[in-house]
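Listed here are the chains, written in short residue letters.
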Amino acid sequence: MNAAQPAPAIFNWSGGKDSALALYHTLRTTQLRIETLFTSVNSQYERVSMHGVRRELLEAQAQRIGLPLTTLELPETPSMTEYDDLMRAALAPWQARGVSHAVFGDIYLEDLRRYREEQLAKVGMQAVFPLWQRPTADILREYLDLGFRAVVVCVNEKYLDASFCGRLLDEDFLRDLPAGVDACGENGEYHSFVFDTPYFSSPISFQCGDIVRRTYQPATSTSPDSDEAAPSAPSPFDTGFWYCDLLPQGNQ
């Protein structure tokens, strides 16, 4: 990357804490210029893939960041082949416009990084990982010290019970995590929705609605449709997930 001429990039935005902190560092660099946020959305339910956040709240995040939002519209349970085909089709117009890089909030899943790099190479783009291999405890400390605020919207019941869903991501939450659960949920233990950051124009208003349990039907293979999901995840899923339905409040 040429420091004198920022490279155009897309930012893979999940709406969660790691993504938000990675964007914080990306916005502060002179090496990249973010052209759009890029998010996978379940087109059947109009929600962010895996996180379960309503499209309206995703759009509220983009509006407060001040960047365009591009969505990858996915079916309920895409196979890996379907996912790869849809992703290449969505990236092609950006590559044609000169976008050369894609930024991710991944931290240490080597197979996921390798997968992303291999897929991007097929469309002539490079992957960037601002948080790569940083200790997750340090990431959470920086997140809290900078004033980021998030709510936990999904937990994997294999690791966390339903009581963790809908909680603020704060010191108390981290203190209550069971032994063996990654502080950042890097193994898919939990997902979050960021409602305030240093670069939002204003906080997002919402209220917590129902907490519901979901399981997923087996697919040919599992698509990596969030920054915490690995392409080697088991299929069929042998676990359930608890979701907190966030309800937008006021004019988003």
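Residues numbered from 1 in each chain as written. Predicted model: local features only at pLDDT ≥ 70, side-chain atom pairs only at ≥ 80, totals over all residues. Heavy atoms only, no water.

Student: How should the pattern of salt bridges be read in this particular structure?
Tutor: For side chains bearing opposite charge, pairing can occur when the charged atoms are close. Counted under the stated rule, the structure contains 16 salt bridges. For the salt bridge of Arg54 with Asp245, the shortest nitrogen-to-oxygen distance reads 2.7 Å. Within this pair, whereas Arg54 is found in the loop between β3 (47-48) and α2 (55-65), its partner Asp245 is found in strand β10 (residues 241-248), the two being separated by 191 residues in sequence. Taking the relative accessible area as the measure of exposure, Arg54 reaches 29% and is therefore partly exposed. For Asp245, a relative accessible area of 17% puts it in the buried group. Residue Asp85 is joined to Arg88 by a salt bridge in which the shortest nitrogen-to-oxygen separation is 2.6 Å. Of this pair, Asp85 and Arg88 both sit in helix α3 (residues 80-96), separated by 3 residues, roughly a single helical turn. What makes Asp85 partly exposed here is its relative accessible area of 40%. Look at Arg88 and you get partly exposed, because its relative accessible area is 28%. Here the residues in one salt-bridge network are Glu46, Arg55 and Glu73, joined through shared partners. (Salt bridge = Lys/Arg side-chain N within 4 Å of Asp/Glu carboxyl O. Helix = DSSP H or I, 4+ residues; strand = E, 2+ residues; numbered from the N terminus. Buried < 20%, exposed > 50% of the residue type's maximum accessible area, 1.4 Å probe, protein only.)

Student: I keep staring at the nonpolar core and nothing clicks. Help me out?
Tutor: Grouped burial of nonpolar side chains is what soluble globular proteins tend to show. Counting residues in hydrophobic clusters, the biggest one holds 57 residues, and the most contacted among them are Trp13, Phe193 and Tyr199. Listing elements by their share of this core, those giving two or more residues are β1 (7-12), α1 (17-28), β2 (32-42), α2, α5 (136-145), β7 (149-156), β8 (190-196) and β10. The biggest single contributor to this core is β7, with 6 residues. The contacts of Phe193, once residues within four sequence positions are left out, are Gly15, Val53, Leu57, Gln61, Arg149, Ala150, Val151, Val153, Ile204 and Leu246. Counting 22 residues, the second largest nonpolar core, distinct from the first, contains Met80, Tyr83, Leu91 and Val123. (Core = buried A, V, L, I, M, F, W, Y, C linked by side-chain atoms within 4.5 Å. Contact = heavy atoms within 4.5 Å.)

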